[in-house]
Amino acid sequence: NKEDLPFVSEALKLDPKNAEANGVAAYAYARAATYGWGMSRAEAIKLGIAAGQRSVSLDLKNADAAYALGFLYYLEGDTRKSLEQMRQCISLNRNHAPAYFFHGLNLIRLGRAGDAISWVERAFKLSPREPLRSVWYGTIGRAQVLLADDAQAVETANKGIAANPK
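Report on the accompanying structure. Since this is a predicted model, take the numbers as computed values, not measurements.

1. Things to note about the overall build of the protein
Broken down by element type, the protein carries nine helices and zero strands. Along the protein, helices and strands appear, N-terminal first, in the series α-α-α-α-α-α-α-α-α. Relative to the 2.2 N^0.38 estimate, which gives 15 Å for 166 residues, the radius of gyration of the protein is 16 Å and therefore close to what a compact globule would have. Across its three principal axes, the protein shows a C-alpha extent of roughly 55 × 35 × 25 Å.

2. Focus: the packing of helix H1 (residues 4-14) against helix H2 (residues 19-35)
Contact pair H1 / H2: the axes reach a minimum separation of 9 Å and the direction vectors enclose 150°. In terms of orientation, H1 and H2 fall into the roughly antiparallel class. Considering how the two elements wind past one another, H1 and H2 form a crossing that is left-handed. Residues Leu5, Val8, Ala11 and Leu12 of H1 form the contact with H2, whose participating residues are Ala21, Asn22, Val24, Ala25, Ala28 and Tyr29. Taken together, the residues of the contact of H1 with H2 break down into nine nonpolar, one polar and no charged.

3. Brief notes about the pattern of salt bridges
Tallying each qualifying case throughout the model produces two salt bridges. Linking Lys81 and Asp78 is a salt bridge whose minimum nitrogen-to-oxygen distance equals 4.0 Å. The class for Lys81 is partly exposed, based on a relative accessible area of 39%. We classify Asp78 as partly exposed; its relative accessible area is 25%.

4. Some words on the nonpolar core
One finds Tyr67, Phe71, Phe101, Phe102 and Trp136 to be the most contacted residues of the largest nonpolar core, which totals 49 residues. For this core, the leading source of residues is helix H4 (residues 63-76), giving 11 residues. Beyond its immediate sequence surroundings of up to four residues, Phe101 is in contact with Trp119, Val120, Ala123, Val135, Trp136 and Thr139.

The rules behind each value
- Residues numbered from 1 in each chain as written.
- Predicted model: local features only at pLDDT ≥ 70, side-chain atom pairs only at ≥ 80, totals over all residues.
- Heavy atoms only, no water.
- Helix = DSSP H or I, 4+ residues; strand = E, 2+ residues; numbered from the N terminus.
- Rg over C-alpha atoms; globule rule 2.2 N^0.38 Å.
- Axes fitted to C-alpha atoms, helices over the stretch in contact; angles between N-to-C directions.
- Parallel < 35°, antiparallel > 145°, perpendicular 65-115°, else oblique.
- Left-handed = near helix turned anticlockwise from the far one by under 90°.
- Contact = heavy atoms within 4.5 Å.
- Nonpolar A, V, L, I, M, F, W, Y, C, P; charged D, E, K, R; others polar.
- Salt bridge = Lys/Arg side-chain N within 4 Å of Asp/Glu carboxyl O.
- Buried < 20%, exposed > 50% of the residue type's maximum accessible area, 1.4 Å probe, protein only.
- Core = buried A, V, L, I, M, F, W, Y, C linked by side-chain atoms within 4.5 Å.

Given below as structure tokens:
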């Protein structure tokens, strides 16, 4: 992010209507908000949503921009908008594994834990070596706890720990 944002900022100075650069900026701001990189969470979300909205308005077929905007809406707490963007992303790229994960995460927030599991499982099928699979297992485990399937949740949590012991 430290290196990406200056490059993206330079590209946007040259062409503020560059949909791809706006989408990359949106994703970089989502990561900044998630990990506390370089700015406050609130500032990163605000800047990211603005960049994401520009990107999707400039290119209605950019699945990654829809994903980044949905990620930012999730971070902002707007679950319905996040879910809408994840659906848009999946409609544009049915193989976008992280969008399936976030779709499931949004369903948990909406009280639909039972429906969430199949979405995250689909993400795993699309990206079996996913670097964030420990997080994905944690999400399935959370859904299982909400469904009162504690024994299965412990088993799932152990898979997540094994996927990333650190």
